[in-house]
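# Chain and residue survey
Now for the letters of each chain:
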Amino acid sequence: MTPVDLQELTAMALEEIARADSLERLDEVRLRYLGRRDGLVTLAGQRLRKLAPEERAAFGQEFNRASGQLRSAMEARQRQLAAGEEEQREDGEWVDMSHPFRGPGQGHSHPVAGLIREIEDIFAFLGYQSVAGPELEDDQHNFQLLNMPPEHPARDSHDTFYLSPPAGGWLYRTHTSPVQMRAMLASPPPLRIIVPGKVARRDNPDPTHTPVFHQVEGLCVDRGVTLGDLKGTLEYAIRALFGRERRVRLRASFFPYTEPSLEADVACAVCQGAGCRTCLQKGWIEILGSGMVHPEVLRNGGVDPESYSGFAFGMGPDRIAVLRYGLSDLRDLYENDLRLLECF
Amino acid sequence: MRVSHEWLSEMVDLEGVEPARAAELLTLSGTEVEKVTAYGVGLDQVVVGEVFGLRRVEGSDHLFLAHVAIPGQEPREVICGADNLFVGALVPWARPGTRLPIGVEIGRKRLRGIWSEGMLCAPDELGLGSEHDGVLILSPDDAEAGMPLDRVYPADHLYELEVLSNRADCLSHWGVARELSALLSRALRNPDVSRPARSGSGPMVRVTVDSSADCPVYLAEVLTGLGNTPAPAFVRRRLAAIGQRSLGGIVDVANYVMFEVGQPLHTFDLSRLPASEKELEVGVRRGRQGESIPCLDGVRRDLDPETLVITVGDAPQAVAGLIGGEASAVGADTSQVLLEAANFNWARLRSTSRRLRLRTEASSRFERQLSPHLARAGADRFIHLAVRHLGATLGPGAAGGVPLTPASAIRCDPGRISSILGMELSSEAVASPLRRLQFEVQEDGAEMLVTPSPYRTDVTTAVDLAEEVGRIIGYQEVPGTLPPIRQAPPLEALAEPVAHLASTTCRAAGFSEALSLSLVSGEREGLAPRLIGDLAHLELANPLSAQLGSLRQGLLQGLLQSAHHNQARGQDRVRLFEQGAVFWGRGQERPEEPWMVALLDLADDSTEDGVSRLRHLMALIASLSNVGGGGAVEFRPVTWPALHRARAAEVWAGAELRGIVGEVAQPVADAFDVRGRLEVAELRLDGWLKPGGRPGHAAPLPRTPALVLDLSVAVPSRALLGPALRAVSALGLPWLEQVTPIDEYLGDQLGPGLKGWTLRLRLRHPERTLTTAEGDAARQAVLRVLELEVGAKAR
Ligand SMILES: [Zn+2]
């Protein structure tokens, strides 16, 4: 065999490598040419020993080059074929990845509960602790300690559910404000609390009333708390809830347990303040009542009004949810219709 | 309350102040204006015409042909559908070419072959209220033919006010004018209350008030010489504008004074009172048991010692502050009256008003703590108007009654007001708004002595003054700030509330959040499965309906109703949870309010056996406990009312029962009209889960390999796995790290009444590798326990 034969042999092998269309075939080709015992190229190499020393060097060089070339061609082809087979296997495992898959999935928040958590989070950022209080109260905490003695005209808007005997001494709280009193009596100032919870008033259910609804009460008592602080706090919270562009206004009002008292309105989102059905032509929607805690109420809570002042506010997440999500009937909030819940 | 812009402008200069601007100022300062409507605007083109002739239009049963004229012109024919016309009537006539305030242009119209020259207008067509009962008939006292109608009805705007419950002083034009005067910084013009001289005709009045707490002021005057004179035109027009009907001169003027000054008045027909020529004994006392009085509205009302009455010669003549008696009512023939301007205890009036189920313009003012100082202004204004416009003469006067204590001064530090409001205000900046509100302000060194207007009963302390200053300056002027945090909030504030943890966990498991009213039907509550035994039901004393008559004792009734609601709307899978307080009665003691969560999983699928959903629910309970730091939970099978008898378990954490899980019994599902299997759970969270949850316990990672062995046994088919596993761990086998059930075989190869369990035991020695022999010993030990506990056999 001469280097020329070796070249021919190599060319044949390369061609067969290229033609091998599976790893199995390729292995046959490898055995035929490079098989350790009787591969054609292996056999050709064994002839090296029989050559004259002057030929040996040149042939050896040629042999090494040829077998190297074959090995790398073999490896390359093997990689190629292996990849192809993996592709085929994967092709066989085809999945429609465009399928709009809906898994068992996440459950949904109730709009009011979600809003309450959002309000708690906003105030947590301002250092307020979320606390709860009893939903059944006595007249003392619900009214009297909050400057509403029996026959007080402000009780008119607090149409109250009373319990039957033997629990006749209890009522369903009409607002979350009694928790203010309980918080003040429980721990000395400074106090920053937020109190979400259910309240009840004896209103027949209609699109704007449910006999049970939610309130979120806030209270801040410390040295030197001002009405400006109340305003800044409310503006921050309202913008956080309604968007930074929403106009807010504070208006004088009256609550027996605050002095001065204010209500906060946001511009009506439907008419942008021009007046429409949603806002009863007012252009503004009332969302919150607030004020500086009345000195008498502080005193009732065991806080010295000469050293401390505070503000309190209360908002209705049910109403806010209806406004924010464009719903039309408060009663829908208590049907728990999944078609509504799934929006949240 | 309705207030007229034109009327207000008599008491405060409103030149150049648009009604919308006035409305905004009032609203921001606390007197909310709900609506502003134009009243009689643009009536200059409508003319007053006189009806000269009137006949029916032939062939019509409701149309009339009127001949209407203005001086110097021939009468014209106008067709009209109203039946209140008469010859000589003065009527608003919109001639062809007139544009009415409601936007309609009037033309010549041909009706039944007759050309109608414009139209005769009803009040609503002129923008004068909503009345449409007939053509507006004008009084010859107010109008004459040929006059443009705007001379009778000057352009006006009406404000619909929502007055705050502590601001009785704003329930009048004068009161609102005082507000606008302060807000606009324009002078206040008080109503004319100049009194004529006394004539001496009529009896002298002697007033006896039993209790000045019931009646702090009672002013009485006799007026004589009144004829059947109508109230002057401006009185009738203004009353009409605010929606008050004209009821004759005396009553109209009394009403006018109430709406103008704010003081309710009552007039008694003197001739119908038991009085002598010389003297009249008026008393204010409590009613007596058995007394009654026929009232102005034709209803006889019983009196009692809680009711305040006005008497003449000890005979009840009126329920004080509420309603007059029929016997002494003023009528068309009244020529002399006893005028009452008084003030009554607000709380007493409120309870009387509630007891009699009667509320009047007068009582609604007294109830709100009207100032007793208004009585004098009210009486004087009535006397002024009656003498001037009704021809009255003032009688000799009254004796008795009690003197009023003047309003007392409030000492205040302007610096304190600044610090309440959070604004830097000079003394002058504090004093100015107060002075504009007719408060007297005297400097006293660094402090001020402020005497509020006598008509304000709501201003008594320094913080009240701060509110006055703030609202008159306007809260838009207060800079918004945040209170500094000088002391760290309590560490508890850092913890995530249990309600958040529970909600997040349930939602992550695919359950959606529900909220129900806490009021339920007591009857259905008994049906719903619940965690508690026989605690008393709490019922409302004054429920809206039986459906909402009880307080919920558990959360499942609400969820079952929601399940029905959703299923009825086509949902075939309903997964809901709710958390909240429930209410358990404790006799007279404070009711208990446990914080609960309930979960419900409903599938409307008859081929599905519910087991995997029930297992999923139980797994969720375990993870709730895990995230809330509630420890390992254990399920103990029970039979429970309203639950499937073979699919119910108590949920225990440590030594405490925390809830119930199971499948709702079919009859209960039927009672709530729900199809399909309902898997439910109800758990009490308070006292179990902790705010913020608790990080799980972590042990150092082991350094030696575990020996893992599987043990397959045959057990009776009703064998319980929970107690079996508990027995294995109670064994306290050394190095046994974990026992996990990995398979349950329910086929019949094991023989009748048997099933198979495969448990995987994991053993580990802390320092060395365990030997096979040690593993076998452990396996034998476990097998023995299982044999004892559930009769297991190796297989
Ligand atoms: Zn609007």
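Residues numbered from 1 in each chain as written. Chains lettered and ligands numbered in written order. Predicted model: local features only at pLDDT ≥ 70, side-chain atom pairs only at ≥ 80, totals over all residues. Heavy atoms only, no water.

### Comments concerning the overall build of chain A
Each helix and strand counted, chain A has 11 helices and 9 strands in total. Since a compact globule built from 344 residues should have a radius of gyration of about 20 Å, the 42 Å found for chain A marks it as more spread out than a globular shape. Along the first, second and third principal axes, the C-alpha atoms of chain A reach 130 × 50 × 45 Å. Within chain A, the fraction of its 344 residues that count as buried is 54%. The contacts in chain A between residues at least 6 apart in sequence include a share of 66% that link residues at least 24 apart. Carbon and sulfur atoms make up 51% of the accessible area of chain A, which amounts to about 16,300 Å² in all. Computed over 39 positive and 50 negative side-chain charges, the inter-centroid distance for chain A is 4 Å. (Helix = DSSP H or I, 4+ residues; strand = E, 2+ residues; numbered from the N terminus. Rg over C-alpha atoms; globule rule 2.2 N^0.38 Å. Buried < 20%, exposed > 50% of the residue type's maximum accessible area, 1.4 Å probe, protein only. Contact = heavy atoms within 4.5 Å. Areas by Shrake-Rupley, 256 points an atom, 1.4 Å probe, with all protein chains shown as cover. Lys, Arg positive; Asp, Glu negative; His and termini not counted. Charge placed at Lys NZ, Arg CZ, Asp CG, Glu CD.)

### Topic: the interface of chain B and chain A
Chain B puts 85 residues into the contact, and the matching count from chain A is 81 residues. Summed over both sides, the interface of chain B with chain A buries roughly 7,000 Å², with 55% coming from carbon and sulfur. One can count 5 salt bridges joining chain B with chain A. When the shortest N-O distance is used, the salt bridge between Asp-222 of chain A and Arg-486 of chain B registers 3.6 Å. Summed over the shared surface of chain B and chain A, the result is 43 residue pairs in polar contact (both at pLDDT 80 or more). Per element, the largest residue contribution to the side of chain B that touches chain A is 6 residues, and it comes from strand S29 (residues 573-581) of chain B. Partitioning the side of chain B that touches chain A into residue classes produces 37 nonpolar, 25 polar and 23 charged. (Buried area = accessible area lost by both parts, 1.4 Å probe. Salt bridge = Lys/Arg side-chain N within 4 Å of Asp/Glu carboxyl O. Polar contact = N/O pair within 3.5 Å; in protein donor to acceptor, adjacent residues only side chain to side chain. Nonpolar A, V, L, I, M, F, W, Y, C, P; charged D, E, K, R; others polar.)

### What about the confidence of the model for chain B?
Chain-level pLDDT for chain B is 91 on average; 98% of the residues reach the 70-or-more range. Reported confidences for the modelled complex are a pTM of 0.86 and an ipTM of 0.87. (pLDDT = per-residue confidence, 0-100.)

### Description of the state of the cysteines
The final tally for this structure, using the stated rule, is 0 disulfides over all chains. Here Cys-215 of chain B stays free of any disulfide, with the sulfur of Cys-295 of chain B as its closest cysteine sulfur at 18 Å. (Disulfide = S-S within 2.5 Å.)

### Focus on the domain arrangement of chain A
For chain A, the assigned domains read domain 1 (3-92) and domain 2 (111-341). On a C-alpha basis, the centroid separation for the pair domain 1 of chain A and domain 2 of chain A is 87 Å. (Domains from an automatic or database assignment.)

### Considerations on the pairing of strand S13 (residues 265-269) of chain B
Residue and element names in this part refer to chain B. Across the 5 residues of S13, 5 count as buried, placing the element largely inside the fold. Burial along S13 is two-sided: Leu-265, Thr-267 and Asp-269 facing one way and His-266 and Phe-268 facing the other are all buried. By the bridge criterion, 5 bridges tie S13 to strand S20 (residues 337-343) in an arrangement that is antiparallel. Directly across from Phe-268, in S20, lies its bridge partner Leu-338. (Pairing = 2+ DSSP bridges.)

### Some thoughts on the sheet that holds strand S2 (residues 32-39) of chain B
Residues and elements named next belong to chain B. Sheet architecture is open: 3 strands sit in the order S1-S10-S2, paired in antiparallel fashion. Strand pairing shows two members of the sheet lacking a second neighbour, strand S1 (2-4) and S2, which therefore form its edges. Along the sheet, successive strands turn relative to each other by an average axial angle of 25 degrees, direction set aside. Note that S2 and strand S10 (residues 156-162) share 7 bridges and pair antiparallel. Residue pairing in the sheet places Ala-38 in a bridge with His-157 of S10. Most of the contacts of helix H2 (residues 19-28) go to S2, to which it runs at about 165 degrees, and overall it touches S2 and S10. (Axes fitted to C-alpha atoms, helices over the stretch in contact; angles between N-to-C directions.)

### A few points about the packing of aromatic side chains
The geometry of an aromatic ring pair is captured by the separation of the ring centres together with the interplanar angle, meaning the angle of the planes. Going through the model one piece at a time under the given rule, you end up with 10 aromatic pairs over all chains. Taking the centre distance of 4.6 Å and the plane angle of 70 degrees together, the rings of Tyr-325 of chain A and Phe-344 of chain A count as edge-to-face. Placement of Tyr-325 of chain A in helix H10 (residues 317-325) and of Phe-344 of chain A in the segment after helix H11 (338-341) is noted, with a sequence separation of 19 residues between them. Here the aromatic rings of Phe-344 of chain B and Phe-366 of chain B are separated by 5.3 Å at their centres, their planes lie at 75 degrees, and the arrangement is edge-to-face. Note that Phe-344 of chain B is positioned in the loop between S20 and helix H6 (346-356) and Phe-366 of chain B in helix H7 (residues 361-366), a separation of 22 residues in sequence. Of the two residues, Phe-344 of chain B and Phe-366 of chain B, neither departs from the other in class, the shared state being buried. (Phe/Tyr/Trp six-rings, centres within 6.5 Å; stacked < 30°, edge-to-face > 60°.)

### A few points about the sheet that holds strand S6 (residues 248-255) of chain A
Residue and element names in this part refer to chain A. On the basis of which strands lie adjacent, the open sheet formed by 7 strands has the order S1-S4-S5-S9-S8-S7-S6 and mixed pairing. Sheet topology places strand S1 (129-130) and S6 at the edges, where each strand pairs with a single neighbour. Where S1 meets strand S4 (residues 191-200), 2 bridges bridge the pair, whose relative direction is parallel. Residue pairing for S4: Gln-129 is matched across the bridge by Ile-193. Contacts from helix H5 (residues 111-125) reach S1, S4, strand S5 (212-222) and strand S9 (309-315) within the one sheet, and its direction differs from that of S4 by about 165 degrees.

### Some details on the pattern of salt bridges
Considering all chains together, one arrives at 80 salt bridges over all chains under this definition. For Arg-552 of chain B, the salt bridge identified is with Glu-578 of chain B, shortest N-O distance 2.9 Å. In this pair, Arg-552 of chain B sits in the loop between strand S28 (550-551) and helix H14 (556-568) while Glu-578 of chain B sits in strand S29, placing the two residues 26 residues apart along the sequence. Judged by its relative accessible area of 2%, Arg-552 of chain B falls in the buried class. Given a relative accessible area of 0%, Glu-578 of chain B falls into the buried group. Linking Arg-760 of chain B and Asp-710 of chain B is a salt bridge whose minimum nitrogen-to-oxygen distance equals 2.7 Å. On the criterion of sequence distance, the pair formed by Arg-760 of chain B in strand S39 (residues 754-763) and Asp-710 of chain B in strand S37 (residues 707-716) is long-range, its members being 50 residues apart. Residue class for Arg-760 of chain B comes out partly exposed when judged on its relative accessible area of 35%. On the basis of relative accessible area, Asp-710 of chain B is assigned to the partly exposed category, the value being 35%. A single salt-bridge network, built from bridges that share partners, covers Arg-249, Arg-251, Glu-263, Asp-265, Lys-282 and Glu-286 of chain A together with Glu-32 of chain B.

### Quick notes on the coordination of the zinc ion
Metal coordination angles in their ideal form are 109.5 degrees for the four-donor tetrahedron and 90 or 180 degrees for the six-donor octahedron. All names here are of chain A. Only Cys-268 (SG), Cys-271 (SG), Cys-276 (SG) and Cys-279 (SG) from the protein reach the zinc ion as donors, at distances of 2.2 to 2.3 Å. Going along the chain, you hit the donors of the zinc ion in the pattern C-x2-C-x4-C-x2-C. One end of the pair, Cys-268, is in the loop between strand S7 (258-267) and strand S8 (284-293); the other, Cys-279, is in the loop between S7 and S8, and 11 residues separate them in sequence. The pair Cys-268 / Cys-279 is uniform in exposure class, with both members buried. (Donors = N, O, S within 2.8 Å, 3.2 Å for Na, K, Ca; no water.)

### Quick notes on unusual backbone geometry
The residue after Pro-165 of chain A, namely Pro-166 of chain A, is reached through a cis peptide bond having omega 5 degrees. Residues Pro-189 of chain A and Pro-190 of chain A are joined by a peptide bond in cis, for which omega reads 0 degrees. Here Pro-190 of chain A is to be found in the loop between helix H7 (178-186) and S4. Look at Arg-112 of chain B: it is not a glycine, yet its phi comes out positive at around 50 degrees. Looking at the secondary structure, you find Arg-112 of chain B in the loop between strand S7 (108-111) and strand S8 (114-117).

### Quick notes on the side chain of Glu-679 of chain B
Residue and element names in this part refer to chain B. Note that Glu-679 resides in strand S36 (residues 677-684). Accessibility expressed as a relative area gives 0% for Glu-679, which makes it buried. For Glu-679, the contacting residues outside a window of four places in its chain are Leu-599, Leu-600, Asp-601, Gly-610, Arg-613, Leu-614, Leu-617, Gly-662 and Glu-663.

### Some words on helix H8 (residues 227-242) of chain A
Residues that lie three or four places apart on an α-helix share one face, since the helix turns once every 3.6 residues. All names here are of chain A. The end-to-end C-alpha distance of H8 is 22 Å, a good match for the 22 Å that 16 residues give at a rise of 1.5 Å each. By the criterion of burial, H8 is predominantly enclosed, with 12 of the 16 residues buried. Along H8, the residues that are buried comprise Leu-227, Gly-228, Asp-229, Leu-230, Lys-231, Gly-232, Thr-233, Leu-234, Ala-237, Ile-238, Leu-241 and Phe-242. Where H8 starts, the residue carrying a side-chain oxygen 3.1 Å from the main-chain nitrogen of Gly-228 turns out to be Thr-226. Downstream of H8 by a residue or two, Gly-243 has a phi angle that is positive, lying close to 100 degrees. (Expected span 1.5 Å × (residues − 1).)

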